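# Summary of structural features
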Amino acid sequence: MTTSQTSPPKYLQEDSLSEECKKLLDIYKYQGFWTSPRLIQGVIACQQQFQAQDTDIILVTTPKSGTTWLKSLLFALVNRTKHSVFEQNHPLLVKNPHVLVPFLEHTLYVDGQVPDFASFTSPRLLATHVPFASLPKFVQNSETKLVYLCRNPRDTFISMWYFSNNLRLDHKDINSIEQMFDLFCKGVSIYGPFWDHVLDYWKQSIENPNKVLFLMYEEMKEKPKIQLKRLTEFLECQFSIEEENCGVVDEILKMCSFENLSNLKVNTNEKLSTGEGNETFFRKGKIGDWKNYFTVEMSENLNRITEQKFNGSGLKFLYT
Ligand SMILES: Nc1ncnc2c1ncn2[C@@H]1O[C@H](COP(=O)(O)OS(=O)(=O)O)[C@@H](OP(=O)(O)O)[C@H]1O
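Note that the structure is predicted; figures quoted are calculated from it, not measured.

### Some thoughts on the overall build of the protein chain
Scanning the protein chain for helices and strands turns up 17 helices and six strands. Counting only contacts in the protein chain whose residues sit at least 6 apart along the sequence, the fraction spanning at least 24 positions is 74%. When the accessible surface of the protein chain is summed, it comes to about 16800 Å², and 52% of that surface belongs to carbon and sulfur atoms.

### Overview of the site of the ligand
By nearness alone, 21 residues border the ligand, and Thr67, Thr68, Ser159, Arg283 and Lys284 come closest of all. Contacts to the ligand include serine 65, whose backbone N or O atom sits 3.1 Å from an oxygen atom. In the environment of the ligand, an oxygen atom lies 3.0 Å from a nitrogen or oxygen atom belonging to the backbone of glycine 66. For the ligand, whose free accessible area comes to 640 Å², the fraction covered by protein is 97%. For the shell around the ligand, the secondary-structure elements that each account for two or more residues are helix H3 (67–78) and helix H11 (217–222).

### Observations regarding the sheet that holds strand S5 (residues 145–150)
The parallel open sheet is built from four strands, whose spatial order is S4-S3-S5-S6. The sheet terminates laterally at strand S4 (125–128) and strand S6 (212–216), the two strands that pair on one side only. For this sheet, the mean angle separating the axes of adjacent strands, direction not counted, is 20°. Along the sheet, helix H10 (residues 194–207) makes contact with strand S3 (57–61), S5 and S6, crossing S6 at roughly 130°. Along the sheet face, helix H12 (residues 224–235) touches S3, S5 and S6 and points at about 170° away from the line of S6.

### Thoughts on the packing of H10 against helix H17 (residues 296–310)
It is the contact of H10 with H17, at a shortest axis distance of 10 Å, that shows an interaxial angle of 35°. Judged by the twist between their axes, the crossing of H10 over H17 is right-handed. Only Leu302, Ile305, Thr306, Lys309 and Phe310 of H17 make contact with H10, whose side of the interface consists of Trp195, Asp196, Val198 and Leu199. Within the contact of H10 with H17, the residues separate by chemical class into six nonpolar, one polar and two charged.

### Brief notes about the nonpolar core
Membership of the largest hydrophobic core comes to 48 residues, with the highest contact counts inside it found for Leu146, Phe157 and Val198. Listing elements by their share of this core, those giving two or more residues are helix H2 (37–49), S3, S5, helix H8 (153–165), helix H9 (174–185), H10, S6 and H17. With six residues, H10 is the largest single contributor of residues to this core. Not counting residues within four places of it along the chain, the set of residues in contact with valine 198 comprises Thr62, Tyr148, Cys150, Phe214, Phe310, Leu315 and Phe317.

### A closer look at the pattern of salt bridges
On inspection of all chains with the given rule, the structure shows ten salt bridges. Here lysine 186 makes a salt bridge to aspartate 182, at a shortest N to O gap of 2.9 Å. Judged by relative accessible area, which is 38%, aspartate 182 ranks as partly exposed. The residue lysine 309 makes a salt bridge to aspartate 196 at a minimum N-O spacing of 3.4 Å. Taken together, the residues span a long stretch of sequence, with lysine 309 in helix H17 and aspartate 196 in helix H10 at a distance of 113 residues. If you follow the salt bridges from partner to partner, you end up with Arg283, Lys284 and Asp289 in one network.

### Details of H17
Along its 15 residues, H17 runs 21 Å from first to last C-alpha, staying within 8% of the 21 Å computed at 1.5 Å per residue. Listing the buried residues of H17 in full gives Met298, Ser299, Leu302, Ile305, Thr306 and Phe310. End-on, the buried residues of H17 take up no more than an arc of 135°, which puts them together on one face. Every exposed residue of H17 that faces more than 90 degrees away from the buried side is listed here: Val296, Glu297, Arg304, Glu307 and Gln308. One or two steps after H17, the chain reaches glycine 312, where phi turns positive at roughly 85°.

### Let's talk about the pairing of S4
Burial of S4 is two-sided: the residues Leu125 and Ala127 facing one way and the residues Leu126 and Thr128 facing the other way are all buried. Sheet analysis places S3 next to S4, joined by four bridges and oriented parallel. Bridging across to S4, valine 60 finds its partner in threonine 128.

### Focus on the pairing of S3
Of all the five residues making up S3, five are buried; the element is thus mostly covered by neighbouring parts of the structure. Because side chains alternate across S3, one face comprises the buried residues Ile57, Leu59 and Thr61, and the other comprises Ile58 and Val60, equally buried. The sheet contact formed by S3 and S5 spans five bridges and is parallel. Bridged to leucine 59 within S5 is valine 147.

### Quick word on the environment of leucine 199
Along the chain, the position of leucine 199 falls in helix H10. Residue leucine 199 is classed as buried on the basis of its relative accessible area of 14%. Taking the C-alpha atoms as reference points, leucine 199 and phenylalanine 310, separated by 111 residues in sequence, lie 7.2 Å from one another.

What counts as what
- Residues numbered from 1 in each chain as written.
- Predicted model: local features only at pLDDT ≥ 70, side-chain atom pairs only at ≥ 80, totals over all residues.
- Heavy atoms only, no water.
- Helix = DSSP H or I, 4+ residues; strand = E, 2+ residues; numbered from the N terminus.
- Contact = heavy atoms within 4.5 Å.
- Areas by Shrake-Rupley, 256 points an atom, 1.4 Å probe, with all protein chains shown as cover.
- Near = heavy atom within 4 Å.
- Polar contact = N/O pair within 3.5 Å; in protein donor to acceptor, adjacent residues only side chain to side chain.
- Pairing = 2+ DSSP bridges.
- Axes fitted to C-alpha atoms, helices over the stretch in contact; angles between N-to-C directions.
- Left-handed = near helix turned anticlockwise from the far one by under 90°.
- Nonpolar A, V, L, I, M, F, W, Y, C, P; charged D, E, K, R; others polar.
- Core = buried A, V, L, I, M, F, W, Y, C linked by side-chain atoms within 4.5 Å.
- Buried < 20%, exposed > 50% of the residue type's maximum accessible area, 1.4 Å probe, protein only.
- Salt bridge = Lys/Arg side-chain N within 4 Å of Asp/Glu carboxyl O.
- Expected span 1.5 Å × (residues − 1).
- Arc of directions from axis to C-beta.

Given below as structure tokens:
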């Protein structure tokens, strides 16, 4: 048998694929979920190398569910002794939340720089989109707290579709929305299947409420103070009477609001090291934009899939 072959067999090479095929195949299935090849590399690196600490707080989200918002809220909350929320140069006013609360699988090996996580001051605040079963075992087995956020699949889908087209203006290419919607319904979306992701964390939050807090974008939008209170109770960093009296709660919500963050210079002019313009994380920040795009058939399809998948779980989305 000859061993002279130095490159992979033709069927494993990607350079001769047609552009159309490459476009369709830019995500792969790994451990039951879909993601890009470079992110798979990041996820594997995390699984092998990330050393969790009991004091870590990890934000887990489905993509486009309000990660940027919750990163900012968590940062403001957890660091409020170090950085008063009334500070004129508060880090959230000069840095994008994704810089302050890095994604484990992005920073590890995707942009080539491995942050010295061990040097982060405790409690370390980190984020990921990885499904529960694929989290590093250290994270699953330690006292690390997981804050989970999801959003109704209709708005999540529209937000994903915009992001993938990297557009902030109205987009009329209805064929591509249909194509992407069909894949989304089949479970093929970044870190999807969407429903499995949500359901796994929902079950964990019921089985282990001290480990996983389950939040929904819609509830955060409708009753932000109540959700913020749940967050502080879960993280054991409740507001003192003095803080409540001097308006810290309102100030945090104001600083982290869509209106404030999306208008900051840093979020209109700068880019992340991974290449995304900071402005791409702020589009409309509303519940119900799906109504401008969905046909009746699309809504019915998603309802049917959601009912089927969540049957008996007690989990329901709000679509107001
Ligand atoms: N502060 C604040 N408040 C409310 N909503 C906000 C906020 N910041 C970002 N957004 C909206 O969240 C959507 C982006 O989702 P993510 O931040 O999860 O994106 S990512 O997964 O980190 O790429 C995206 O939603 P859509 O507007 O529906 O596309 C953002 O506009």
